[in-house]
Amino acid sequence: MASKSKPKSGKKPTRAAKKGAAAKSRRKSAGRHKPTSAAKNLRQKKSAKKPQPKPAAVRAKRSPAKLSKKPPQVAPKISRESLPARQAPRPSIRHDSAGRGAPYYITTAIAYPNGPPHIGHAYEAIATDAIARFTRLDGFDVFFLTGTDEHGIKMLQTAAKEGITPKQLVERNVPRFKAMVAMLNCSNDEFIRTTEPRHHRASEAIWEAMEKNGDIYLDKYSGWYSVRDEAYYDESETRLDAANVRIGPNGTPVEWVEEESYFFRLSAYQGKLLELYASDPNYVLPRERFNEVMSFVKGGLKDLSISRTTFDWGVRVPGNPRHVMYVWVDALTNYLTAVDYPDVDSAKFKRFWPADLHVIGKDIVRFHAVYWPAFLISAGVAVPKRIYSHGFLFNRGEKMSKSVGNVIDPFDLVKAYGADPLRYFFLREVPFGQDGNYSHEAIINRINADLANDLGNLAQRSLTMVARQFGGALPKPGSFSAADETILAAADAMLAKAREFMTTQQLHQVLNTVWAAVADANRYFAGEAPWALAKTDPARQATVLYVTAEVLRQVAILCQPFMPESAGKLLDLLAIPADRRSFADFSTRIAAGATLPAPSPVFPRYIEPATQAAQ
């Protein structure tokens, strides 16, 4: 799910509870729950006198005899042995005995297609693709998943406003998301849709597994719900805005909801989740997101409402089709659906589950790092190995908003700048995991300074000399000087540094490492002045051009995850065969004597359309 938020639970309070237990209850996070149609009538009554969620102490006294299939239970005592076996990280060896790469499963969140894709969707897709491509080049057998989350009340309401059905809405918008990932040169192996029959089967199966484990029961929900966030909020997380409308932490309106609902016994999993986090301090990255998750769970967990009865656009609850699953139970299960769940004996499931990495937005960390592992532990399924949350993108420092008019279509950006330059800009400019800014001027600066001037100009000048001075054949080097050895050693060291940064998904640092080598290569080239050596020392010129070509080869190999098309073109100009471009080939020197194609610019400068037209 690409842009959803938090859930919480609570019930309408009694007068006796307001002064004491309610204050205590509000200090704890709740399990978010959804709205009823009747709640719309309450929106005008949102004020200081609004109903308050019922405190946990009062809820416990209420008899669930009429509604509950399985009454709430006391959380079991937790021991380290009670936590399902957490599989070790993937092996450091990158191939098995059959020569097949070790498995690596990576996913984006699945996007909510109630509107066309925006730049936030594009950013997540290219970042995840860069990680997937890097890992493939490192010899792993990568399975990369993305897709769309097509259920929920938000889809229903958007469709109603447009006078169409939810199915018509998704069939109109989903092709745009597919087109976006293709336009951005993403290498995803599958594009999953939650309206697929296989996904309904998987969602029903995980529900039944959780229910069999005693973690699902029927009760009533009362509390605040944000339709836009698809999230439930505790009383303490809401406030009245200037217009006296109650809003949640993301500034979205919330509605008071009361309805029959199935609950997931999230309160029973506090200890197990804390054990999970203690077992791996990098389970959630970056660190500030991990700290947020730990704080939330340590603050106490309440049972989570996981079904709705006020609409029917979703996966129906097994055995009670009047209820549809809470959209996050449905959405998160997509990661299992793609590897054949509930067929846990399938070759695909055994090979790729648990997922190695979920790449998501920071606004949905709670769903992925708290609810998702709790669901999986309940269902007896291994938890994923890591959750990585990226930050938000801001247009000139402003959050994107339709009302402000600064929402940018990724198709327009690619049309203006090209897919690879755009990929490079976002992955170099924004420290991965943090918020970032973009603007036309910033993009142009990166294109012209980093790509056209630093890398593109070095490649064009050096390869043009090879074409003119050596008939297009890469010259054989002589003995390496101290300067040659220094620049080659610096280039050789890039891969180890890049691998180290990639262990914690520091994409920007990988590119910083590569561009440090590009800067070194430019200084080396300028200092050696091969254009002057043509007459004074042709043999030395040959060595300088060979060394420069070798550094360009290594730079291009490491640029492939970030700019696959452009890096491929540079490797073509260096006559590197398609099967010699992986990290396994990184340290094998470029072959002297190879005939290079005629050089052509790989990274042209960006010229403003108005200036270009005037010329």
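Here the structure is a predicted model, which means the values were calculated and not measured.

A few words now on the sheet that holds strand β13 (residues 320–325). Hydrogen bonds between backbone groups are what pair the strands of a sheet, and the pairing can be parallel or antiparallel. Strand order across the open sheet formed by 3 strands is β11-β13-β12, with antiparallel pairing between neighbours. A single partner strand is all that each edge strand has here, and the edge strands are β11 (307–308) and β12 (316–317). As defined by bridge partners, β12 adjoins β13 across 2 bridges and the pair is classed as antiparallel. For V317, the partnering residue across the bridge sits in β13 and is N320. Where helix α7 (residues 197–212) meets the sheet, its contacts fall on β11, β12 and β13, and the angle it forms with β13 comes to roughly 100°.

Our focus in this paragraph is unusual backbone geometry. The amide bond that connects L285 to the next residue, P286, takes the cis arrangement and shows omega of -5°. Within the secondary structure layout, P286 lies in the loop between β9 (284–285) and α9 (287–298). With omega at 10°, the peptide bond leading from W353 into P354 counts as cis. Checked against the element boundaries, P354 lands in the loop between α12 (347–352) and β14 (357–361).

Before going further, it helps to examine the nonpolar core. Proteins that are soluble and globular tend to have nonpolar side chains buried together. In terms of nonpolar packing, the biggest core is built from 186 residues, with Y105, Y277, W353, V370 and W515 touching the most fellow members. Per-element tally for this core: the top contributor is helix α21 (residues 538–559), with 12 residues.

Moving on, we get to the packing of helix α4 (residues 119–137) against helix α6 (residues 166–183). The geometry of α4 relative to α6 is characterised by a closest axis approach of 10 Å and an angle of 45° between their N-to-C directions. Relative to α6, α4 is oriented oblique. Classified by chirality, the crossing of α6 by α4 is right-handed. When α4 is examined against α6, the residues H121, A122 and A125 are found in contact with a partner set consisting of F177, M180 and V181. In terms of residue class, the contact of α4 with α6 is built from 5 nonpolar, 1 polar and no charged.

On to helix α15 (residues 419–429), then. Burial runs high along α15: 10 of the 11 residues are buried. Every buried residue belonging to α15 is among A419, D420, P421, L422, R423, Y424, F425, F426, L427 and R428, and all of these are buried.

Here we come to the sheet that holds strand β17 (residues 398–399). Here 3 strands make up an open sheet; going across it, the order is β17-β16-β18 and the pairing mixed. With one partner strand each, in any of the chains shown, β17 and β18 (436–438) form the two edges of the open sheet. Pairing analysis gives 3 bridges linking strand β16 (residues 393–395) to β18, with the strands arranged parallel. Bridge pairing in β18 places F394 opposite N437.

Right, let's get into the packing of α7 against helix α13 (residues 365–379). In contact at an axis separation of 7 Å, α7 and α13 are set at 70° when each is read in the N-to-C sense. Judged by the angle between their axes, α7 and α13 are roughly perpendicular. Crossing angle aside, the handedness with which α7 passes α13 is left-handed. Residues I206, A209 and M210 of α7 lie in contact with α13, whose contacting residues are W372, F375, L376, S378 and A379. Broken down by class, the residue content of the contact of α7 with α13 amounts to 7 nonpolar, 1 polar and no charged.

Each value, and the rule that gives it
Residues numbered from 1 in each chain as written. Predicted model: local features only at pLDDT ≥ 70, side-chain atom pairs only at ≥ 80, totals over all residues. Heavy atoms only, no water. Pairing = 2+ DSSP bridges. Helix = DSSP H or I, 4+ residues; strand = E, 2+ residues; numbered from the N terminus. Contact = heavy atoms within 4.5 Å. Axes fitted to C-alpha atoms, helices over the stretch in contact; angles between N-to-C directions. Core = buried A, V, L, I, M, F, W, Y, C linked by side-chain atoms within 4.5 Å. Buried < 20%, exposed > 50% of the residue type's maximum accessible area, 1.4 Å probe, protein only. Parallel < 35°, antiparallel > 145°, perpendicular 65-115°, else oblique. Left-handed = near helix turned anticlockwise from the far one by under 90°. Nonpolar A, V, L, I, M, F, W, Y, C, P; charged D, E, K, R; others polar.

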